[in-house]
Amino acid sequence: MSARTTPAVARIFRRRPAAEDPQQTPRLSPLWTFVAWLATSVFFAPVAWMVLTAFHQEADAATNPPSLLAPLTLDQFSLLLERDITPFLLNSAMAAVFSTLLVLVLAVPAAYALSIKPVEKWTDVMFFFLSTKFLPVIAALLPIYMIVKDIGMLDNIWTLVFLYTSMNLPIAVWMMRSFLAEVPKEILEAAEVDGAGLPTVLLRIVAPVAMPGLAATSLICFIFSWNEFMFAVNLTATQASTAPVFLVGFITNEGLFLARLCAAAVLVSLPVLIAGFAAQDKLVRGLSLGAVK
């Protein structure tokens, strides 16, 4: 608990019951544990095969049936470094990070207004947010391309930042509303009694309590932005191309490219895997928040 927490909020925290002992949580039976591991292995198998193929020569990667015992090599990664993948990774990181930050700045106050301080007909507002995801991206691509071209923002990383922000904002509002609905109302009332304004409530009260939800929402928005391909391949050229655009550059009608493509996919996947691993505890808590009453 922060030292800057208001006195009334501190009293509320002291009165709240202690968290349940994790060791008292019911455990899965051995059968369900085996089923869970089996399902995980099935879903992880393509990823493992991609990683293994990345360390093969092109001739070994193209054999049918595949050769599991083929010699391993780092040649494909050396070729990737020669093609200079760094600018593409930096563009993806910039678009994903800045768009995620903008999404949080806009989604948290909106979710606060829709959950803790609900506006009139808030269900209609939530449906409006959701309805913006009904339109396929390809249907909006042409008008967006014409607008971006007219304002001179083609091949500009900030174009992707704004588009990714609008793309992820509805999802973030829906997620953050469910997370903020779990914030105890008495804590917010105590903060208001102490004279805390809305910025203070959001930064010092709501944000620490809903941190798992913020982490889960941030990671999901980051992944969606990092993986986005349609806007990136059509609105960028040489200056703002992202990592997914770099990947398709290996697909050709002539020659072998599978091992090199897998190596590039491994490198492109690493930032997302590292971010997910670093925030795995908050991600699990955030995605399961409110699931068990």
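Since this is a predicted model, take the numbers as computed values, not measurements. (Residues numbered from 1 in each chain as written. Predicted model: local features only at pLDDT ≥ 70, side-chain atom pairs only at ≥ 80, totals over all residues. Heavy atoms only, no water.)

1. Quick notes on the overall build of the protein chain
Part 1 of the reasoning: Along the backbone of the protein chain there are 15 helices and zero strands.
Part 2 of the reasoning: Here the protein chain, with 293 residues, has 37% of them falling under the buried criterion.
Part 3 of the reasoning: A separation threshold of at least 6 residues defines the contact pool for the protein chain, and within that pool the share at least 24 residues apart is 77%. (Helix = DSSP H or I, 4+ residues; strand = E, 2+ residues; numbered from the N terminus. Buried < 20%, exposed > 50% of the residue type's maximum accessible area, 1.4 Å probe, protein only. Contact = heavy atoms within 4.5 Å.)

2. What about the environment of W122?
Part 1 of the reasoning: Residue position: W122 is located in helix α6 (residues 122-131).
Part 2 of the reasoning: What makes W122 partly exposed here is its relative accessible area of 30%.
Part 3 of the reasoning: Excluding its chain neighbours within four sequence positions, the residues that come into contact with W122 are L114 and R177.

3. Regarding the side chain of T242
Part 1 of the reasoning: With respect to the secondary-structure elements, T242 resides in the loop between α12 (230-235) and α13 (243-248).
Part 2 of the reasoning: With sequence-adjacent residues up to four places away left out, T242 is seen in contact with F88, N91, S92, L160, E228 and A232.

4. Thoughts on the nonpolar core
Part 1 of the reasoning: Y112, I116, M176, L180, L188, V201 and V206 are the most contacted members of the largest nonpolar core, which has 22 residues in total.
Part 2 of the reasoning: Looking at this core, the elements with two or more residues in it are α5 (86-115), α8 (157-180), α9 (185-193), α10 (198-209) and α11 (211-227).
Part 3 of the reasoning: Considering every element that reaches this core, the biggest residue donor is α10, with five residues.
Part 4 of the reasoning: Residues within four places of V201 in sequence aside, it is in contact with Y112, L188, A191, A196 and V206. (Core = buried A, V, L, I, M, F, W, Y, C linked by side-chain atoms within 4.5 Å.)

5. Topic: α8
Along an α-helix, a turn takes 3.6 residues, which lines up residues three or four apart on a common side.
Part 1 of the reasoning: For α8, which comprises 24 residues, the first-to-last C-alpha distance of 32 Å matches the rise-based estimate of 34 Å (1.5 Å per residue) to within 8%.
Part 2 of the reasoning: The largest bend in α8 comes to about 40°, at N168, with the proline P170 one to four residues further on.
Part 3 of the reasoning: By the criterion of burial, α8 is predominantly enclosed, with 18 of the 24 residues buried.
Part 4 of the reasoning: The distance from a side-chain oxygen at the start of α8 to the backbone nitrogen of W158 is 2.9 Å, and the residue carrying that oxygen is N156. (Expected span 1.5 Å × (residues − 1). Bend = angle between axes of the 7 residues up to and from the residue. Polar contact = N/O pair within 3.5 Å; in protein donor to acceptor, adjacent residues only side chain to side chain.)

6. Things to note about the packing of aromatic side chains
Part 1 of the reasoning: Scanning all chains against the criterion turns up six aromatic pairs.
Part 2 of the reasoning: Their ring planes at 70° and their centres at 6.2 Å tell us that F127 and F134 sit as a pair that is edge-to-face.
Part 3 of the reasoning: Relative accessible area serves as the criterion here: at 51%, F127 is assigned to the exposed category.
Part 4 of the reasoning: By relative accessible area, which is 53% here, F134 ends up exposed. (Phe/Tyr/Trp six-rings, centres within 6.5 Å; stacked < 30°, edge-to-face > 60°.)

7. Some points on the layout of surface pockets
Part 1 of the reasoning: The volume enclosed by the second largest pocket comes to roughly 330 Å³.
Part 2 of the reasoning: In terms of lining residues, the second largest pocket is bounded by 15 residues, among which T132, K133, L135, S166 and M167 are the most central.
Part 3 of the reasoning: Taken together, the elements giving at least two residues each to the lining of the second largest pocket come down to α7 (137-150) and α8.
Part 4 of the reasoning: Of the residues forming the lining of the second largest pocket, the biggest block, six residues, is contributed by α8.
Part 5 of the reasoning: Across the lining of the second largest pocket, the residue classes tally to 11 nonpolar, three polar and one charged. (1 Å grid on protein atoms, 1.4 Å probe; cavity = no way out; pocket = protein on both sides within 12 Å on 5 of 7 lines; lining within 4 Å. Points joined across faces, edges and corners; volume = space filled by probe spheres on them. Nonpolar A, V, L, I, M, F, W, Y, C, P; charged D, E, K, R; others polar.)

8. Here's the deal with the confidence of the model for the protein chain
Part 1 of the reasoning: The predicted model of the protein chain averages 81 in pLDDT, with 85% of residues at 70 or higher.
Part 2 of the reasoning: Mean pLDDT across the secondary structure elements of the protein chain bottoms out at helix α1 (residues 7-15), with 55, and peaks at α12, with 93.
Part 3 of the reasoning: Within the model, pLDDT remains below 50 along residues 18-23, and this stretch shows zero contacts once partners closer than five positions in the same chain are excluded. (pLDDT = per-residue confidence, 0-100.)

9. Some points on the packing of α6 against α8
Part 1 of the reasoning: Two elements in contact, α6 and α8, have axes separated by 8 Å at closest approach and are oriented at 140°. By the angle between their directions, the pair α6 and α8 is classed as oblique. Crossing hand, α6 versus α8: left-handed. Together, W122, M126, F129 and L130 of α6 and P170, V173, W174 and R177 of α8 make up the contact between the two elements.
Part 2 of the reasoning: Here the residues of the contact of α6 with α8 sort into seven nonpolar, no polar and one charged. (Axes fitted to C-alpha atoms, helices over the stretch in contact; angles between N-to-C directions. Parallel < 35°, antiparallel > 145°, perpendicular 65-115°, else oblique. Left-handed = near helix turned anticlockwise from the far one by under 90°.)

10. Points about unusual backbone geometry
Both trends apply: most residues other than glycine have a negative phi, and most peptide bonds are in trans.
Part 1 of the reasoning: In this structure, D84 is a non-glycine residue whose phi angle is positive, near 60°.
Part 2 of the reasoning: Relative to the helices and strands, D84 is located in the loop between α4 (75-82) and α5.
Part 3 of the reasoning: One non-glycine residue, D155, lies in the positive phi region at around 55°.
Part 4 of the reasoning: Looking at the secondary structure, you find D155 in the loop between α7 and α8.
Part 5 of the reasoning: By relative accessible area, D155 is classed as buried at 19%.

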